[in-house]
Structures are given as structure tokens and as C-alpha cells.
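# Remarks on the overall topology
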Amino acid sequence: MEQTKKQRLGFGFYGWMLMIFQGGAFFTQVVFTNYPMNILADFYGGATFVPMVFTIATFVAIIMQLVLSRFIGKVRNMKNLTLIFGAISLAMGCIITFYPVPFGVSGVWITAYFIESVCVNMYCTFTCGILVGQWFPRRKGTIMGITTIMFPVGNGLISVFAANVFKTGAPTPSSAFLPFLIACIATWLVGLIFVKDYPEQCGAYRDNDRSFTPEMAKKMMLEEIENKKTTVWTTGHTLSNRDFWFISIVCGFLLMFSVGMMTQTATIVAQFETLNYTMVMMLIMVFGIIGSYILGVIDTWIGTKKAIAIAVIVMILSGIFGVIPNAACLIVSLILLAVFMGASSNFTVSAAAQYWRREDFSSVFACLNPVANIFNAIAPTVIAFLLYTAFGYRLCFVVTAVCGAVSLVLILLFSAKHVKEVDDKYRAAAGKSLDDKLSGRK
């Protein structure tokens with residue numbers, strides 16, 4: 001028994017390989033999608049133009065996800081689809097890395113950035129997220145809490161490193177991006193070599209739980225694959241469920257202000273000449289790592305709803321401190337923002353995995369993730385617009401606090417009990433078992 005308990009505490013070799021793959025996907029998004037809006041936008045069309053391209057690209061990705069949601073249960077190899085989106089993202093990352101800075105709009109760079117923004121969205125938040133849910137249905141909060149650490153790490157490292165490179169007058173972004181591009185390619189190769197759709201396909205176990213025999217684990221996997229084809233949570237059923245909307249809107253607001261504000265940190269920090277940008281980004285990185293991990297563990301320990309509620313309260317406090325017009329309060333606000341920034345991408349995976357059955361996870365997540373990403377899509381454009389109003393950066397934090405308050409109400413309205421009641425009704429109508437024992441749902 002003691003050995004089993006220790007085994008459950010770990011993630012297993014292949015589990016760690018999946019986590020490296022997912023973490024690398026998040027890192028790829030930060031480096032080649034978020035960061036160009038922060039510093040490089042001025043070189044390629046301006047502080048509002050590049051975020052607008054990102055917004056359009058993200059909406060394209062959202063449409064792709066919603067279309068895919070209609071037959072997600074019949075996709076035979078999610079790993080291969082993930083690798084394809086990752087490979088295209090990295091190819092576009094090569095163009096972003098090596099294309100010369102033109103100091104003006106560049107059709108080549110903008111096209112590459114657009115394709116990158118579409119494909120990396122599919123790569124890191126959609127297909128990789130489905131793999132995590134299939135490998136760790138009960139421990140998804142901890143897994144995502146660890147892997148989303150790459151958001152603050154990516155923001156912190158490249159913001160400081162690349163900003164210093166550009167001060168030297170480098171003719172191309174390659175000096176700034178190349179080390180990060182190599183790291184992103186390496187993590188993609190890890191996925192190519194070691195990751196499978198399901199842990200049972202490489203001799204591993206779901207949640208690294210070795211209390212099942214290999215035969216039992218394989219039988220459960222085959223049953224799950226078959227049941228996914230006839231999921232009762234169709235796109236129509238999912239989108240008509242009130243609790244789905246309560247939790248997806250809240251996930252959307254968390255994403256909106258974590259991503260949106262991070263794309264404009266250079267402009268926000270510049271409001272106070274006394275602030276050192278490098279120091280602020282290091283603080284954001286450190287507290288982002290802490291927040292991502294702690295909220296991920298809380299998610300696993302006490303549930304996704306409570307973890308989201310805590311993140312939303314932190315979001316409200318960030319907005320309140322950011323409104324106060326002094327440098328110290330702005331630092332506190334950005335630290336609080338960092339705390340929920342990394343965790344903001346945890347919750348779409350966690351909610352779908354915790355409150356719906358394993359066999360329904362993919363179809364629900366395929367709706368929840370694109371809905372939440374609608375907010376993510378408009379975030380950089382909205383934040384950039386708010387920054388350039390007469391009220392300046394403080395208006396960004398006012399809106400953050402207000403949306404945080406709305407989110408708190410919505411997450412308190414969310415009812416896991418009601419989700420189960422609706423699930424039971426759909427399953428009874430379809431002639432499926434109501435047994436919850438192996439559903440994966442808490």
C-alpha cells in the first residue's frame with residue numbers, strides 16, 4: 001500500500017514528458033505570439049495594429065475549435081493533430097525570428113504572425129489540453145499548475161532578455177528569439193518521441209495510478225474511446241447548459257486580463273519613471289510561478305470552482321490596487337495579476353475534466369476552450385484601446401476590478417450538482433449507465 005501511495009504522488013516518466021510537451025507549447029505561445037505585441041509591435045505596424053491581427057487570428061482559431069468540437073470524439077489521433085499545429089507554429093516562429101526589422105508594416109511578417117497566432121492557439125490551449133485531460137483526469141489542476149508556469153517564465157525571460165538585445169540595435173530579432181526558438185523545438189521533439197494519446201498506449205497509467213492492472217487500464221481506455229463516439233454532451237447540449245456559460249465566461253475574463261495586460265506591460269510600467277522594467281518583469285515571473293503552482297494544487301485539493309473563486313478575488317484586488325495612482329500600488333497590482341496569470345489557462349481543462357465525465361471531457365472542452373478564448377482574442381485590442389484613452393492605464397484596472405466582480409457572481413452561481421442532474425437526464429434518454437464510479441468526475 002505504501003508503495004502505491006508513493007507511485008501516485010509522482011507523474012511517471014511519460015507523464016513528465018507530456019508535461020514538458022505542454023509546458024513547451026505554452027512557452028511557444030508566449031514567445032512568438034504574446035511578446036511581439038509587447039515590444040515588436042512598434043516595428044511592424046504599431047501598438048494597436050499587431051494586437052488587432054492577434055484578435056482576428058484568435059477568432060479564426062475559435063471557429064476552428066468549434067467546428068472540430070462537433071466530431072472531436074471521432075478524432076483517432078489527437079497527438080498527431082497536436083504535432084501538426086505545433087510544427088506550423090514553430091515554422092512561423094522561424095520567420096518571426098529571422099525576418100529583418102523593417103520599421104513599418106511588413107506583409108511577410110504579419111502573415112507569419114497571423115498563422116502563428118492561429119496555430120499556436122490550437123497547439124497549446126486546445127489539442128495539448130485534451131491530451132492532458134486524457135492522461136490526468138483527476139490531477140489536471142496540479143499538472144496545469146506546473147505547466148502554466150511557462151507563461152510567467154516566458155514573459156519574464158524574453159521581456160528582459162530581448163529588450164536588452166534590442167537596445168544594442170540588432171538588425172534582426174534573431175539575437176533575441178533564437179535561444180527560445182531552440183527550446184520550443186526541443187519540447188516539440190519530446191512530444192514527437194515520447195507522448196501518446198493515452199498513457200496506456202505506452203505502458204503508463206491514467207493519473208499515474210498503478211492500482212489497476214495493465215489489463216484493466218487498457219480495458220477502461222478502450223471503453224472510453226468507444227463512449228466518446230456517442231457522447232451525450234454534443235455541441236448543442238453543451239452550449240445550451242447554463243453552468244457551462246457561467247464557468248466559461250469566468251475563465252474567459254481571467255484569460256482576458258492576464259493575457260491582455262501582459263501584452264502591454266512595457267507601456268503600463270512606463271507610466272512611472274521610477275520603475276525599473278527589468279525588476280518589474282522579474283517580480284511578475286516569480287509571483288506568476290508561485291501563483292500558477294499554488295492555484296493548480298488548490299484546484300486538485302479542493303476543486304476547480306473554489307480555485308477559480310480565489311483567482312477571481314485576486315483579480316479584483318489587482319484591479320483595485322492598480323487604480324491607485326502611485327508606483328508602489330502599481331507593483332502590487334502587477335504582482336497580484338501575475339498570481340492569477342499563469343493559473344488562468346488551467347481552468348478550462350480543469351473545469352471540463354472535473355465536472356463532466358471522462359468520456360465527455362473532449363467534447364465539453366472543445367466548446368469551453370473556444371468560448372473562453374473569445375475573451376482572450378479581444379484582450380490585447382481592448383487593453384491597448386483603454387491605455388490610449390484620456391484615463392490611461394488606470395482605466396484598464398478599473399475594468400479589471402469590475403469584470404472580476406462579475407466573475408465572482410458567476411462562479412458562485414455555477415452548480416456541479418446541476419451539471420450532474422442534466423448529465424443524468426441526457427444519459428437516461430440515451431440508454432446509458434448512470435454509474436459514476438469510473439466517470440472521473442468528482
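Everything numeric here is computed off the predicted structure, so don't read it as measured data. Sequence order as written defines the numbering, with residues in each chain counted from 1. Totals for whole chains, interfaces and linings use all residues, but because this is a predicted model, local features are given only for residues with pLDDT of at least 70 and pairs of side-chain atoms are given and counted only at 80 or more. Note that water and hydrogens are dropped before the side-chain values are worked out from all heavy atoms of the structure.

## Topic: the nonpolar core
We define a nonpolar core as any set of buried Ala, Val, Leu, Ile, Met, Phe, Trp, Tyr and Cys residues linked to one another through side-chain atoms lying within 4.5 Å. Partly exposed residues are those whose accessible area sits between 20% and 50% of the maximum for their type, while under 20% is buried and over 50% is exposed, using a 1.4 Å probe and protein chains only. Counting 131 residues, the largest nonpolar core has Leu-254 and Ile-308 as the members making the most contacts within it. The element best represented in this core is helix H5 (residues 107–135), accounting for 15 residues. Excluding its chain neighbours within four sequence positions, the residues that come into contact with Leu-254 are Ile-308, Ala-311, Val-312, Met-315, Phe-340, Ser-344 and Phe-347. What counts as a helix is a DSSP run of H or I of at least four residues, what counts as a strand is a run of E of at least two, and both are numbered from the N terminus. Contacts were defined at the residue level, with two residues in contact if any of their heavy atoms lie within 4.5 Å.

## Digging into a nonpolar patch on the surface
Only residues whose relative accessible area exceeds 30% and that form no salt bridge are eligible for patches; like-charged ones are grouped when within 9 Å, while nonpolar side chains (Val, Leu, Ile, Met, Phe, Trp, Tyr) are grouped when within 5 Å. Here the open area of atoms and residues is found with the Shrake-Rupley method and a 1.4 Å probe, where only the protein chains shown may cover a residue. Salt bridges are identified by distance alone: a Lys or Arg side-chain nitrogen within 4 Å of an Asp or Glu carboxyl oxygen. Side chains of Ile-313, Leu-317, Ile-320, Phe-321, Ile-324 and Val-332 sit close together on the surface and give an oily, nonpolar patch of about 440 Å² of accessible area. In terms of residues, the nonpolar patch owes the most to one element, helix H14 (residues 304–323), which gives four residues. For Val-332, the location among the structural elements is in helix H15 (residues 327–343). The class of Val-332 is partly exposed, set by a relative accessible area of 32%.

## Some thoughts on unusual backbone geometry
In this structure, Asp-207 takes a positive phi of about 60° despite not being glycine. By secondary structure assignment, the location of Asp-207 is in the loop between helix H8 (174–194) and helix H9 (214–228). Despite not being glycine, Asn-208 shows a phi value in the positive range, around 55°. The exposure class of Asn-208 is buried, given its relative accessible area of 6%.

## Description of the packing of helix H17 (residues 358–387) against helix H18 (residues 393–413)
Note on geometry: axes are lines fitted to C-alpha atoms, helical ones only across the stretch in contact, with angles between N-to-C directions running from 0 to 180 degrees. Where H17 contacts H18, the axes come no closer than 7 Å and their chain directions differ by 130°. With respect to each other, H17 and H18 are oriented oblique. Every residue of H18 that contacts H17 at Ile-383, Leu-386 and Leu-387 is listed here: Tyr-393, Leu-395, Cys-396 and Val-399. Throughout this description, any angle smaller than 35 degrees is read as roughly parallel, any larger than 145 degrees as roughly antiparallel, any in the 65 to 115 degree range as roughly perpendicular, and the remainder as oblique.

## Some thoughts on the side chain of Thr-147
For Thr-147, the position within the fold is in helix H6 (residues 140–147). What Thr-147 contacts, discounting residues up to four positions off in sequence, is Met-19, Gln-22, Gly-23 and Phe-26.

## Focus: the pattern of salt bridges
Taken as a whole and assessed by the stated rule, the structure comprises eight salt bridges. For Arg-427, the salt bridge goes to Glu-359, with nearest N and O atoms at 3.0 Å. Of this pair, Arg-427 sits in helix H19 (residues 416–430) while Glu-359 sits in helix H17, placing them 68 residues apart in sequence. Each member of the pair Arg-427 and Glu-359 is classed as buried. A salt bridge links Lys-420 to Asp-424, with the shortest nitrogen-to-oxygen separation between them at 2.9 Å. Remark: Asp-424 and Lys-420 occur in helix H19; sequence separation between them is four residues, near one turn of the helix. Looking at Lys-420, the relative accessible area reads 32%, which means it is partly exposed. Look at the salt bridges and you will find they share partners, linking Glu-359, Arg-427 and Lys-432 into a network.

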